[in-house]
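# Residue-level structure breakdown
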Amino acid sequence: MDYTSNIQQLQLITSKFFQDEYNTHLEPKDIIVNVIAKDIQGDYSVVLFPFLKRFKTNPNELGDKLAAYYKQSAIGVQSHEIIKGFLNLTLKNTIWTSQLEAMLESGEDYGRQAANDNTVVVEFCSPNTNKPLHLGHIRNILIGWSASQILDFAGNTVKKVQIINDRGIAICKSMLAWLNYGEGATPETSNTKGDHFVGHYYVMFEQKFKAEYASWQETEPGKKAYADHGKEKELQEAFYKRYKNQYFNTASAIGEEARALLLKWESGDEATIALWKQMNQWVYNGFDITYAELGVDFDKLYYESDTYLLGKKMVQDGLDKEIFYKKDDGSIWVDLEAHKLDHKILLRSDGTSVYITQDIGTAIKRHEDFGFNKSVYVVADEQDYHFQALFATMKTIGFEFSDQLYHLSYGMVDLPSGKMKSREGTVVDADDLVVEVVDEAANAAKDSHNLVDLPEEEKQSIFTDIGLGALKYFILKVQPKKRMTFDPSQSVDMQGQTGPYIQNAYVRIRSVLSKVEMSEMELSSEYTWQPQEVNLLILLDQFGKVVVDSAKDLDPSNVAHYAFDLAKEYHKFYHDHRILTAETELAKAARLLLSHKVAQTLKQSMHLLGINMPEKM
């Protein structure tokens, strides 16, 4: 059933008041109604300032008129107080009973918004096929998955997709290292997960290149490069760090081999394509295991190897129409100065594509597939400029849907030991991290008397829920744009703002409810709600707004903070009030039904974050 929150009702009634009293239409959503802080008398506050000058009135006059109007309406205002430009309202006791009844009637759909006509595509993960997933991918996956769940709960049709970066120089590095040093090994013969197996050869390539580059620096050509291209007072170490890519592209023997392999792939060489398919499949098999562990899936996969040709065609069409231009070396560029950007390369001089080339093709294909109202790219903030350039290029070509493209940018993830790296083989592996957080959860819960008698398999399932809940919550509670540090030991702390703290509130409620027959419980309008119970009801009443705001902002941290606030408020309530041995039967029924709704809302909130709730811990 549809549920209207107290704030929504107050906005609607206030809008009707201005229509009746001043013959003026005000949009309900533009009327500011806030929850009052706990140390101030009242439940809700209507902000009067925006109306005073417009309607030539003062706070006391307008506040009294509004309060009288509310008291005649269905909202049920018990009392009011005007403090400067704020009208503070205390609702009647019966309103809370009615609100809880409506929440209970909504069941597990409480907070879900009515379906709309919007289709939103969310792209996330989108890994390269040359190495395993790492902690940075985990943040990407969790943000993308949670944003998708929230958008769906907010009434949108959501399509979860990813673009597999299955071509280019990176995978060619792994292929070349395997050809030169693999001796026919496979993931099966080496007993290695497929993505780790291929990643091993990527690291090997980088190590071989690093050794080659170090040797070259001692040669005459290497010294001459420093003499010719080094900046004034630039130290050798700084120069060679800066010059590495230039060396790879122009002077490296192993780099030349990798580029030759890429050209063979683009020309359709049969043996090269066969090896490319085999190594990518090994990686896909490994990725699928990690996705299953994290509990995520996708509605459609796109592959760069399929979309880059469409991108190249669009670049050639743009050149023919003089939208783009060609430099003397044969490379193709777009001038984005009209969008306050610079000039962006679209095709290299040798005809090979760059990232933006295939992204153009992917965007076109995706719009053909879904006709989306919005297409969201969940990609780290290191790529902010890339997406500004992509969207501006799509607009320059003339695609109307370019305004519907959105980059959900997020900050990088560190561990307490420092920034992650990948090429040197010191990447924080996603699979290892999952094992670590589950082990942390097991160590934290090993002495729990609630788990002692459970079968080992059931215990492990609970540890997995707690460990993954700790990992997911710790990452998702941080606003996406902020850089963050992930600390596995802090993430499982039962006393902090963590997933296990919220799971514990749910488990506590489920334990209480298991001791009674809930079908026999009924609310009574005669029950007088206590202040802490009203605090919980006010929080529950806000859930729908939290969902809407989180979907609008594409920010799962809103839901994460809400779940923590609700759990924290319940823990206080549980500590201060008897439930099963309440002072009256009316109080017992009210508190049990309130607890049931809190548990249901906690579970739904955490589900939107991709977190399972254990029944015991």
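This text follows the structure it describes.
All values derive from a computational prediction rather than experimental measurement. (Residues numbered from 1 in each chain as written. Predicted model: local features only at pLDDT ≥ 70, side-chain atom pairs only at ≥ 80, totals over all residues. Heavy atoms only, no water.)

Moving on, we come to the packing of aromatic side chains. A complete count under the given rule lists 46 aromatic pairs for this structure. Centroid distance Phe474 to Phe486: 5.4 Å. Interplanar angle 85°. Geometry classified as edge-to-face. Of this pair, Phe474 sits in helix 17 (residues 456-476) while Phe486 sits in the loop between strand 15 (484-485) and helix 18 (488-491), and the two are 12 residues apart along the sequence. Accessibility expressed as a relative area gives 8% for Phe474, which makes it buried. (Phe/Tyr/Trp six-rings, centres within 6.5 Å; stacked < 30°, edge-to-face > 60°. Helix = DSSP H or I, 4+ residues; strand = E, 2+ residues; numbered from the N terminus. Buried < 20%, exposed > 50% of the residue type's maximum accessible area, 1.4 Å probe, protein only.)

We now examine unusual backbone geometry. Even without a glycine there, the phi angle at Lys56 is positive, about 50°. In this structure, Lys56 sits in the loop between helix 2 (49-52) and helix 3 (59-71). Lys56 sits in the exposed class, given a relative accessible area of 76%.

This part covers the sheet that holds strand 8 (residues 325-326). Pairing is antiparallel in the open sheet, where three strands are placed in the order 8-9-10. Pairing within the sheet leaves two strands with one partner each, and these edge strands are strand 8 and strand 10 (343-347). Relative to strand 9 (residues 332-335), strand 8 runs antiparallel, the two sharing two bridges. Bridge pairing in strand 9 links Lys326 to Ile332. Here helix 13 (residues 304-320) sits on the sheet in contact with strand 8, strand 9 and strand 10, set at roughly 120° to strand 10. (Pairing = 2+ DSSP bridges. Contact = heavy atoms within 4.5 Å. Axes fitted to C-alpha atoms, helices over the stretch in contact; angles between N-to-C directions.)

Remark: helix 14 (residues 355-370) packs on helix 15 (residues 384-397), axes separated minimally by 10 Å, with the N-to-C direction vectors making an angle of 55°. Judged by the inter-axis angle, helix 14 sits oblique to helix 15. Note that helix 14 runs across helix 15; the crossing there is right-handed. For the pair formed by helix 14 and helix 15, the contact residues are Tyr355, Ile356, Asp359, Ile360, Ala363 and Ile364 on the first element and His386, Ala389, Leu390, Thr393, Met394 and Ile397 on the second. Residue classes in the contact of helix 14 with helix 15 are distributed as nine nonpolar, two polar and one charged. (Parallel < 35°, antiparallel > 145°, perpendicular 65-115°, else oblique. Left-handed = near helix turned anticlockwise from the far one by under 90°. Nonpolar A, V, L, I, M, F, W, Y, C, P; charged D, E, K, R; others polar.)

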